[in-house]
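Here is what each chain is made of, one letter per residue.
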Amino acid sequence: MIKTIVNTELPLSERLLVRKNVISNGSGKKRFCIVTGTHGDELEGQMVCFEMARILKANIGNLNGTVEIYPALNPLGIDTIQRGIPNFDLDMNRIFPGNEHGTMAEQTAFRICEDLKGADMVIDIHSSNLYLRESPQVRINVLNEERLVPEARHLGVDFIWVHDAATVLEATLAHSLNSTGTPCLVVEMGVGQRINRKICSHLVKGLLNLLKEKGMWSGDIDLTEIPTGQLLEPIVCKGDCVTFLNAERSGVFLSDLRTGRIVQAGQSVGRIVDPLTGEVLSDVVSPIDGFLFTIRAYPIVYEGSLMARIFRYQEDELNIVKAVSAAEQQE
């Protein structure tokens, strides 16, 4: 059943609509929400929503409860390929929980937040932006670690990053929901303005697995496309274990590396070059042994631009890191 949760008048006799697909079956009372499209340049959630709606409808007898799918929280941004809300010059994920009596954007955020409250789980799906490529990961505020890390483990993503509370923006959808008692997991993956079908497919299987863990799904989960034949045990990153690599020079970044691999201290992650002179301006080098989970995707860089993020693992985590790296390199 398609329901409209926001219906706002626009100039020239048009309307802004935010809609959801409510799929229910059985006597179960649990409610599981999948939201995406907060940023108009992040598109991988569109495939995830499509696949989840398709699978649930085709196998409705295996569902016990309600799954609600919100593919476009910022439809104007998606329509115009803009990260934020057009004409308002703002990031939608910086205005939650919104304001019932505020601007159009604030009212939209308020209605979305109110509609999601009370769910047993909300999955907020993001791609990376145009500039960075990310391994599939879940990001969690340390204040919600105890409650949400066990849930995130069932998604089968490569990486769970537990952030310090000070680094979490309070005006995000996830923070607004978690602070009011509605559990919300933030998924980041891929790169902006593109769809990586394999990682989307893996997340769909992870979502079905989490539904199964919650007693909402009794169907089989096809894991034949996954190299290991099973969902991965994720790497869990806590505390100050992430090293950020920033550009020392402006130029063009060239790299053959992918995310999801182990790098050694002193290993080159890429080079910043000058196409005019043919010179190598800077060699971007890993200062540690670690797991590369973020790398620059857009090649034009300025001094200080983020080039990579590397997780510094402990010796007792090496086997998990090796398993995740081996699986991702087989993709």
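1. Describing unusual backbone geometry
Stage number 1. The amide bond that connects F96 to the next residue, P97, takes the cis arrangement and shows omega of 10°.
Stage number 2. The topology assignment puts P97 in the loop between α2 (75-80) and α3 (104-116).
Stage number 3. Non-glycine residue S13 carries a positive phi angle of around 65°.
Stage number 4. Secondary-structure assignment places S13 in the loop between β1 (2-10) and β2 (14-25).
Stage number 5. Under the relative-accessibility criterion, S13 is labelled exposed at 75%.
Stage number 6. Even without a glycine there, the phi angle at D89 is positive, about 50°.
Stage number 7. By secondary structure assignment, the location of D89 is in the loop between α2 and α3.
Stage number 8. Overall, D89 belongs to the exposed group, its relative accessible area being 77%.

2. Topic: helix α4 (residues 145-153)
Given 3.6 residues to a turn, an α-helix orients residues that are three or four positions apart in the same direction.
Stage number 1. Within α4 the residues assigned to the buried category are L148, V149, E151 and A152. In a view along the axis of α4, the buried residues occupy a sector of 165°, so they form one face of it.
Stage number 2. Contacts from the buried residues of α4 go to β5 (121-127), β6 (132-141), β7 (159-163), α5 (173-179), β8 (184-190) and α6 (197-213).

3. Side note on helix α1 (residues 44-58)
Stage number 1. With 15 residues, α1 extends 22 Å between its outermost C-alpha atoms, agreeing within 8% with the 21 Å of an ideal straight helix rising 1.5 Å per residue.
Stage number 2. Looking only at α1, the buried set comprises E44, G45, M47, V48, C49, E51, M52, A53, I55 and L56.
Stage number 3. On its buried face, α1 sits against β2, β3 (31-35), β4 (65-70), β5, β8 and α6.

4. Regarding the nonpolar core
Stage number 1. Core analysis: the largest hydrophobic core is formed by 40 residues, its most contacted members being F32 and M52.
Stage number 2. Sort the elements by how many residues they give to this core and α6 lands first, with 8 residues.
Stage number 3. Discounting chain neighbours no more than four positions away, the residues touching F32 are T66, V67, E68, M121, I123, L207, L210, L211, K214 and M216.
Stage number 4. Core analysis: the next-biggest nonpolar cluster, separate from the first, contains 23 residues, I85, I95, F96 and L173 among them.

5. Observations concerning the sheet that holds strand β16 (residues 300-301)
Stage number 1. Read from one edge to the other, the open sheet built from 4 strands follows the order β14-β13-β11-β16, with strand pairing classed as antiparallel. Each edge of the open sheet carries a strand with a single partner, namely β14 (279-285) and β16.
Stage number 2. When strand β13 (residues 268-274) meets β14, the two strands line up antiparallel, connected through 6 bridges. For V273, the partnering residue across the bridge sits in β14 and is V280.

6. Some thoughts on the packing of aromatic side chains
Stage number 1. Evaluated as defined, the whole model comprises 6 aromatic pairs.
Stage number 2. Ring geometry for F159 and F311: centres 5.6 Å apart, planes at 75°, overall edge-to-face. Placement of F159 in strand β7 and of F311 in strand β17 (residues 306-311) is noted, with a sequence separation of 152 residues between them.
Stage number 3. With a relative accessible area of 0%, F159 lands in the buried category.

Reading the values: the criteria
Residues numbered from 1 in each chain as written. Predicted model: local features only at pLDDT ≥ 70, side-chain atom pairs only at ≥ 80, totals over all residues. Heavy atoms only, no water. Helix = DSSP H or I, 4+ residues; strand = E, 2+ residues; numbered from the N terminus. Buried < 20%, exposed > 50% of the residue type's maximum accessible area, 1.4 Å probe, protein only. Arc of directions from axis to C-beta. Contact = heavy atoms within 4.5 Å. Expected span 1.5 Å × (residues − 1). Core = buried A, V, L, I, M, F, W, Y, C linked by side-chain atoms within 4.5 Å. Pairing = 2+ DSSP bridges. Phe/Tyr/Trp six-rings, centres within 6.5 Å; stacked < 30°, edge-to-face > 60°.

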